[in-house]
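Observations on the model geometry
This is what each chain is made of:
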Amino acid sequence: MVDLRSVLCFGLSSLLCLVLLECGAVGQTQAELLSKFSERVALLSLRSSLGLKSKDWPIKGDPCTVWRGIKCDNGSVVGIDISGFKRTRIGKQYPQFAVDPLVNLTRLVYFNASRLSLPGTIPEWFGLRLLSLQVLDLSSCSVKGVIPVTLGNLTGLRTLNLSDNRLTGAVPSSLGQLSNLSELDLSGNSLTGPLPLLFGSLQNLLHLDVSSNYFTGPIPPEVGMLSRLGYLNISNNSFSNSIPPQLGNLSNLVELDLSFNALSGPVPEDLRRMRNLQKMVISDNLLSGSLPANLFDAGSRLQALVLRINAFTGSLPDNYWSLPELRVLDISRNNFTGLLPNSSPGPNLPDAKLDISQNTFYGGLTPILRRFRTMDLSGNYFEGRVPDYVFDTNASLIGNCLQNEKAQKASEECASFYRAKGLAFDDFGRPNSTVFPGKQSSSGLSHRTKVILAAVAGGVGLILIFLVLLILVAICIRKRGGPAQRGNGVRPSPAAEEAPQPHGGGGAGAGGATARALDLSHLGNAFTYEQLLQITEQFKEANLIKHGHSGDLFHGFLENGIPVVIKRIDVSENKNEGYVSELEFFGKVGHHRLVPLLGHCLENESQKFLVYKYMRNGDLASSLYRKPDNDDDGLQSLDWITRLKIALGAAEGLSYLHHECSPPLVHRDVQASSILLDDKFEVRLGSLSEVCPQGDSQQQQSRISRFLRLPQSSDPSSSSAATGTCPHDVYCFGKVLLELVTGKLGISSGENAETKEYLEETLRNISTNEKEGMSKILDPSLMVDEDLLEEVWAMAIIAKSCLNPKPSRRPLMRHILNALENPLKVVREENSDSSSRLRANSSRGSWNAAIFGSWRQSSSDVMAAGGKGEGGGTASGRGLKKSSGSEEGSGQNETTTSSSRRRNSNEIVPEPSPYIE
């Protein structure tokens, strides 16, 4: 029989255990609920600080189940992915690195905020409090400052991506402690100094990208210790010395990119141990010597080999041509030579590309070329006939010695090359017999042909005589113009200074004489050509900034490390002597809004060089936006305060040229690309080679028109002479202002049918009476409140005034400058009652009258007052003083009396005619 007492004791014990277990479970649930509540509060706080939209993170929804980008494990938040999230309107206005609530998410494993603007520095506590992090992705977040040393404490980190930000300083060596790291991407920043040697301890690293920074020194040999590395990109830096042979130990490497550095010496044979390499890019360096023949074997998986722009010599080993998987072979711009191999072409890949241009290959074209579908063979010494299979490809053959092809080298150059190698040149397939074509052709001419030729020759002679007479008449007219008129050809000086005596005419036509007469002692340093070659690394293509209309611009560094820009002007081909005018300009004017000229080099006969200070932020055309990787609306653009600062700086520079120089100077190339920006976004006007005194081109055009009895346009903007007037600069500046308001790039760079149509449509939405139309044209990336919106509105009104189709009705640049300094007056005074407006005789009111008042007069008022209308003559009457400088010849008043009667927008600032300048 079972003991009843035992059964009872067992039952009580079981019940007690159940109670205890239940109590423990309740306690655990309460702890979990408390933790969950704390994390929810942290997420709500993060939602508020970042300004995330409620549709992504709704307040009433459970973050673990409803919120986008949130991952939970057992009720705790372990992952946050807010990559590319859209912000609320207020969140867009005040973006910042405000992620302090993450401190309470102690189990957070990954945090991805890529492509979400987080301007600010990475906090130190990231490496002290988020110790569970395995993935930290802050790419393209506008992060600035230095990389915190404390990130080295995140020993569990597997991915660290800080690419495409504004990070500066050196990489902390503490990152070498991240032994579990498999991906490290620091590309697209402004990091400096050498790579830490401790990087060699990152044994689990699979992906290393430090490209597009300012790293210096040699490539650490310790990188060769990263045995698991599959991707290595250190391009676009300033690494020097030779390629370390230890890189050959990276047997698992698939992609290697060492391009755009200053690496020198030969390619080490040790790289042949990279058996899995599929892409090797070591272009744009200073590498030399011949390539190792055994660098790649028959079993190589190489798909792309890019060696362009180095100093390699010798022949390209035959086995390079027949690598089985090779799709891209680019060895252009080296010193390779030799014959093409006459071997089997290997597999024919449909997209294979070959570029061996600008070397000294010679001989005939061989079947090895059959495997390539796109070829650039230009700039070599190939001879003979072009095989038919080459015509079936996209091939460039210019600059060779080939038969029956256009744009080949001269026969003498080809013959000299082959003669130096002890070879015979086929002379483009011509027969070796001697022919006297002159005698044969003359005896075969018919009488009718002779008559036609004589008539043509007579006509050409008459045209030449007429042109000579025209030139002589123009010279006589210029001589009768007197000293005052001739003085206009000299580059002016500021009105406050005494103008120097002219040095024999300052036009481009007196290029050589003027250059010799210039006093270059006050125009910066005199550089030698060898110095410039060193500064620009032989003017290599990697240093080319752009091809300007007056010369090519290159980036380089002086010996002391100061960055500079060198403009190379080719005077032999383009007959471009604008550098003389530019030197004269810098010799006689000076202003802090002009790009500083640091020096020059004029010793080369065919090329001249000017050296300027480097502008860290480039030009307005390239700095207005920082384009993201995708096509969504997350553009990172300049804020409104910076845009207004740029507009003021440009207006100040142009106002100096128009009003403080005597005679007034016209820039003639005002556009976004000529507005340069330093590291603090201060404006420096560039593209100064076209600057000229106002009036010269108009007067000369008028004389020629009268001499030839040609009709003159009443609107200077409709002729080429318009570019020599201050109103033309104002018009172009108006287009720049519209770019700042609308964010549409390219308005100021030129004018085609599409641009004209856009201008007309945009100007229709700008009204001085109401700002509702601004919503249709405002740059969507601009975040502005009500006050700032009024400033944007004011700038749009000023831009519309500048774009008046009649040059005489455009405001003066000094009035534009004053209006931009007080933008709220433009809209608030104009929209108030007439008693509160600034009057024309007010000490501070002339600019307001110039912006608005001058357009309140109809053209009949102007004519009745004795003005000459739109063609430009005297200023309109009413007994007012005619302004100096750019007002002369433009038909404008310095001051006018504003109308007391309100008119509609079209009368204040007339809508542009269908033809816009």
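Anything mentioned here points back to the structure above.
Residues numbered from 1 in each chain as written. Predicted model: local features only at pLDDT ≥ 70, side-chain atom pairs only at ≥ 80, totals over all residues. Heavy atoms only, no water.

A packed helix pair is summarised by two numbers, namely the angle formed by the two axes and the spacing between the axes. Remark: helix H16 (residues 726-742) packs on helix H17 (residues 753-764), axes separated minimally by 12 Å, with the N-to-C direction vectors making an angle of 70°. The orientation of H16 with respect to H17, classified from their angle, is roughly perpendicular. Relative to H17, H16 is oriented so that their crossing is left-handed. Mapping the contact onto sequence places Tyr731, Lys735, Leu738 and Thr742 in H16 and Tyr758, Leu759, Thr762 and Leu763 in H17. Split into classes, the residues belonging to the contact of H16 with H17 amount to 5 nonpolar, 2 polar and 1 charged. (Axes fitted to C-alpha atoms, helices over the stretch in contact; angles between N-to-C directions. Helix = DSSP H or I, 4+ residues; strand = E, 2+ residues; numbered from the N terminus. Parallel < 35°, antiparallel > 145°, perpendicular 65-115°, else oblique. Left-handed = near helix turned anticlockwise from the far one by under 90°. Contact = heavy atoms within 4.5 Å. Nonpolar A, V, L, I, M, F, W, Y, C, P; charged D, E, K, R; others polar.)

Attention shifts here to the pattern of salt bridges. Scanning the entire structure with this criterion turns up 21 salt bridges. With a shortest N-O distance of 3.3 Å, Lys645 and Glu682 are connected by a salt bridge. One end of the pair, Lys645, is in helix H14 (residues 640-659); the other, Glu682, is in the loop between strand E40 (675-677) and strand E41 (683-685), and 37 residues separate them in sequence. We classify Lys645 as partly exposed; its relative accessible area is 32%. Shared partners join several salt bridges into a network, and the residues in it are Arg593, Lys645, Glu652 and Glu682. (Salt bridge = Lys/Arg side-chain N within 4 Å of Asp/Glu carboxyl O. Buried < 20%, exposed > 50% of the residue type's maximum accessible area, 1.4 Å probe, protein only.)

This part is about the sheet that holds strand E18 (residues 286-289). Read from one edge of the open sheet, 7 strands run E16-E18-E20-E22-E24-E26-E28, paired in parallel fashion. Each edge of the open sheet carries a strand with a single partner, namely strand E16 (264-265) and strand E28 (401-402). In the sheet, E18 pairs with strand E20 (residues 311-314) via 2 bridges, with the strands oriented parallel. Note on E20: the bridge partner recorded for Ser288 is Ala311. (Pairing = 2+ DSSP bridges.)

So, on to the environment of Arg272. Relative to the helices and strands, Arg272 is located in the loop between E16 and strand E17 (279-281). C-alpha separation for the pair Arg272 and Leu295, spaced 23 residues apart in sequence, amounts to 4.5 Å.

This brings us to the packing of H14 against helix H20 (residues 813-821). One can describe the packing of H14 onto H20 by two numbers: an axis separation of 8 Å at closest approach and a directional angle of 155°. Of the possible angle classes, the one that applies to H14 and H20 is roughly antiparallel. Judged by the twist between their axes, the crossing of H14 over H20 is left-handed. Contact residues: Leu644, Ala647, Leu648, Ala651, Glu652, Leu654, Ser655, His658 and His659 in H14; Met813, Arg814, Leu817, Leu820 and Glu821 in H20.

Turning our eyes to something else, we now look at the state of the cysteines. Cysteine pairs can be covalently joined through their sulfur atoms, and such a bond is termed a disulfide. A full pass over the atoms with the stated rule returns 2 disulfides. Put simply, Cys64 and Cys72 are joined by a disulfide, and their sulfur atoms are 2.0 Å apart. Residues Cys64 and Cys72 are joined through a disulfide that is left-handed, its torsion about the S-S bond being -80°. When its relative accessible area of 25% is taken as the criterion, Cys64 is described as partly exposed. A disulfide bridge connects Cys401 with Cys414, and the sulfur atoms are separated by 2.0 Å. The sign of the S-S torsion, about -90°, decides the handedness of the disulfide formed by Cys401 and Cys414: left-handed. (Disulfide = S-S within 2.5 Å.)

Turning our attention to helix H19 (residues 786-802). With 17 residues, H19 extends 25 Å from end C-alpha to end C-alpha; this agrees with the ideal 24 Å at 1.5 Å per step. Here H19 lies mainly inside the structure; 15 of its 17 residues are buried. Structurally, the start of H19 carries an N-cap: the backbone nitrogen of Leu788 is 2.9 Å from a side-chain oxygen of Asp785. (Expected span 1.5 Å × (residues − 1). Polar contact = N/O pair within 3.5 Å; in protein donor to acceptor, adjacent residues only side chain to side chain.)

A word on H17. For H17, spanning 12 residues, the distance from its first C-alpha to its last is 17 Å, which sits close to the expected 16 Å at 1.5 Å a residue. Listed as buried for H17 are Thr755, Leu759, Glu760, Thr762 and Leu763. Along its buried surface, H17 packs onto H16, helix H18 (774-777) and H19. The opening residue of H17 is Asn752, an N-cap whose side-chain oxygen sits 3.2 Å from the backbone nitrogen of Glu754.

As a further point, take the nonpolar core. The biggest cluster of nonpolar side chains holds 106 residues, and the ones touching the most others in it are Ile80, Leu102 and Phe111. Only helix H1 (4-50), strand E2 (76-81), helix H4 (318-321) and helix H5 (388-391) provide two or more residues apiece to this core. Considering every element that reaches this core, the biggest residue donor is H1, with 4 residues. The contacts of Ile80, once residues within four sequence positions are left out, are Leu43, Leu46, Trp57, Gly69, Ile70, Leu102, Leu105, Leu108, Tyr110, Phe111 and Asn112. (Core = buried A, V, L, I, M, F, W, Y, C linked by side-chain atoms within 4.5 Å.)

What follows is about the pairing of strand E1 (residues 70-73). Strand direction decides the pairing type here: E1 and E2, joined by 4 bridges, are antiparallel. Residue pairing for E2: Cys72 is matched across the bridge by Val77. Two successive antiparallel strands, E1 and E2, enclose a turn made up of 2 residues, where Asn74 displays a positive phi of approximately 55°.

With that out of the way, let us pick up the pairing of E2. Of all 6 residues making up E2, 5 are buried, and the element is well covered by its neighbours. As paired elements, E2 and strand E3 (residues 110-112) share 3 bridges and run parallel to each other. Its bridge partner lying in E3, Asp81 is registered against Asn112.

Under the criterion given, the structure shown has 18 aromatic pairs. Aromatic side chains Tyr362 and Phe417 sit 5.8 Å apart centroid to centroid with 65° between the ring planes, which places their arrangement in the edge-to-face category. Taken together, the residues span a long stretch of sequence, with Tyr362 in strand E24 (residues 360-363) and Phe417 in helix H6 (residues 411-420) at a distance of 55 residues. Judged on exposure class, the residue Tyr362 and its partner Phe417 are both buried. (Phe/Tyr/Trp six-rings, centres within 6.5 Å; stacked < 30°, edge-to-face > 60°.)

Pairing is parallel in the open sheet, where 6 strands are placed in the order E4-E6-E8-E10-E12-E14. Each having just a single partner strand, strand E4 (120-121) and strand E14 (238-240) make up the two edges of the open sheet. Note: strand E10 (residues 190-193) against strand E12 (residues 214-218), 2 bridges, orientation parallel. Note on E12: the bridge partner recorded for Gly193 is Phe215.

On to the side chain of Asp669, then. Relative to the elements of secondary structure, Asp669 occurs in the loop between strand E39 (665-666) and E40. Although Asp669 is buried, it makes no salt bridge; Lys546 carries the closest opposite charge, 7.5 Å away. With residues near it in sequence (within four places) discarded, Asp669 still touches His549, Ser674 and Ser687. (Lys, Arg positive; Asp, Glu negative; His and termini not counted.)

A few words now on unusual backbone geometry. Of note, the bond from Ser662 into Pro663 is cis; its omega dihedral lies within 30 degrees of zero at -5°. Following the sequence through the fold, Pro663 ends up in the loop between strand E38 (661-662) and E39. Of note, the phi angle at Asn236 is positive, near 60°, even though the residue is not glycine. Note that Asn236 resides in the loop between strand E13 (231-233) and E14. Even without glycine at this site, Arg333 takes up a positive phi of about 55°. In this structure, Arg333 sits in the loop between strand E21 (328-330) and strand E22 (335-339). By relative accessible area, which is 46% here, Arg333 ends up partly exposed.

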